[in-house]
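Remarks on the overall topology
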Amino acid sequence: MAEYELLAPAGDLEKLKVAIIYGADAVFIGGQKFSLRSRASNFTLADIKEGCEFAHQHNAKIHVTCNIVMHNIDTDGLIEYLKELEACGVDCIIASSLYILKMVKLHTKMEAHVSTQASTINQEAVKFFEEVNVDRVVLGREVSLEEMKIIKENSHIDLEAFIHGGMCVSYSGRCMLSNNMTNRDANRGGCAHSCRWCYDLIDDNQVKNPKGDYFAMSSKDLCAIKAIPLMMDMGMNSFKIEGRMKSLHYIATVVNTYRKLIDEYKLNHKIKDFKVYENQIAKAENRLTSTGFLFNKPTINEQLYDLNLTVPTKEFIGIVKGYDEKTKTLHIEQRNYFVPFSTIEVFTPSKTFLLDIKEIYDKDGNILDAARHPKQDIYFKCDIPLEKYSLLRLN
């Protein structure tokens, strides 16, 4: 394991590869059974095997979530499934169920990691998991940095903490809103994100909110950029980014930002300018962020009541699929609208730079006046040979 593991999410095989290329030491994914993200593009066993092979070639690990809250009908086939995952090359299983954790240790050689859904927020709980021989505990997101330091000092087991992404408004993600309102159980993989819906505020049959404005009960996303040095100093083992349903661009940007931040602090034991990393994160974020519980107890300022403040970013325009060195032609898959004869930003795992583009073409060689269609194959001349999975943004 890396000295400080950077753990990234992935909702499909392409995102898994991008996460590793852009700096993740490990990736967590969901299979098609026992996962809490039924609407994510959950991995087939064939995908998991390919993902594990790719990860291991790059000295990275694959964690698979089996963090469903199981009813009786959910228990069938667990041991067989765990053995199938092990055969694929999976390194770790993340679960909140003590039964699943026990079966991982009893029937496989994979590591067993306690999910954040277990609400582990004190040293005595960590001690219990040490005694039952699990390999790592993912702390609850309600833990402050002060509490985290005390827990780490009194523990003899790997500890993992969330550093970025969505913060469920319910305690440790154990929400009943979705189940109550839509009959979709958040604890069995069906969360409808009811907290992020638009609501009217009604009192005595009168709508109190301004016309056209709605309210949510969601929290701002977590961003722990300024907390990373403190967490590294206290010896936290793994830093986890949330977002298996996030975009490829989001994953690449957030992973690469934290990778460089961690590496800078490892090298210099100081961060020259946090703003550099905050500006990079802003290129992928579409929701306001806060530091959650890390520095202080959340207040109204950590809540996101006005969804008008969430604006999806449109900067990501394409991903490099290939480069023809003979013709010096770049092949990209378009993701958002852009036009020829413009300056774009190239984002790679190692560097970022500007590039002027001229004419753009479709796969049949037709000159285009604009790239309008998501996932369309676009071509243009480029003197710089860009590697596959390099990302393009509007400047």
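Refer to the structure printed above.
Scoring rules and cut-offs
- Residues numbered from 1 in each chain as written.
- Predicted model: local features only at pLDDT ≥ 70, side-chain atom pairs only at ≥ 80, totals over all residues.
- Heavy atoms only, no water.
- Salt bridge = Lys/Arg side-chain N within 4 Å of Asp/Glu carboxyl O.
- Helix = DSSP H or I, 4+ residues; strand = E, 2+ residues; numbered from the N terminus.
- Buried < 20%, exposed > 50% of the residue type's maximum accessible area, 1.4 Å probe, protein only.
- Phe/Tyr/Trp six-rings, centres within 6.5 Å; stacked < 30°, edge-to-face > 60°.
- Lys NZ or Arg CZ within 6 Å of the ring centre and 35° of its normal.
- Pairing = 2+ DSSP bridges.

Remarks on the pattern of salt bridges
Under the counting rule described, the total for this entry stands at 18 salt bridges. For Glu 14, the salt bridge goes to Lys 321, with nearest N and O atoms at 3.4 Å. Here the residue Glu 14 occupies a position in helix α1 (residues 13–21), and Lys 321 occupies one in strand β15 (residues 316–324), the gap between them amounting to 307 residues. For Glu 14, a relative accessible area of 24% corresponds to the partly exposed category. Here Glu 50 and Lys 17 are joined by a salt bridge, their closest N and O atoms 3.0 Å apart. Linking Glu 50 in helix α2 (residues 45–57) with Lys 17 in helix α1, this pair joins segments that are 33 residues apart in sequence.

A look at the packing of aromatic side chains
Counted by the stated rule, this structure contains 3 aromatic pairs. Residues Tyr 4 and Phe 239 carry aromatic rings whose centres are separated by 6.2 Å and whose planes lie at 15° to one another, so their mutual orientation is stacked. Here Tyr 4 is found in the segment before β1 (5–9), whereas its partner Phe 239 is found in strand β12 (residues 238–241), with 235 residues between them in sequence. Judged on exposure class, the residue Tyr 4 and its partner Phe 239 are both buried. Relative to Phe 347, the ring of Tyr 22 has its centre 5.2 Å away and its plane inclined at 45°; by these criteria the two rings are tilted. In this pair, Tyr 22 is assigned in the loop between α1 and β2 (26–30) and Phe 347 in strand β17 (residues 343–347), connecting sequence segments 325 residues apart. In this pair, the class of Tyr 22 matches that of Phe 347, namely buried. Positioned above the aromatic ring of Tyr 250, the side-chain terminus of Lys 246 is 4.7 Å from the ring centre.

Here we look at unusual backbone geometry
The backbone of Ser 119 sits at a positive phi, close to 55°, despite the residue not being glycine. Turning to its location among the elements, Ser 119 is positioned in the loop between β5 (111–114) and α5 (123–131). Positioned with a positive phi, Phe 341 is a non-glycine residue whose angle comes to about 55°. Secondary-structure assignment places Phe 341 in the loop between β16 (329–334) and β17. The exposure class of Phe 341 is exposed, given its relative accessible area of 56%.

Some words on the pairing of strand β22 (residues 391–394)
Regular strands place side chains that alternate from one sheet face to the opposite one. Summarising the sheet, β15 and β22 pair through 3 bridges and their orientation is antiparallel. Across the sheet, residue Phe 316 finds its bridge partner in β22, namely Arg 393. In the sheet, β17 pairs with β22 via 4 bridges, with the strands oriented antiparallel. When the bridges of β22 are listed, Val 346 appears paired with Leu 392.

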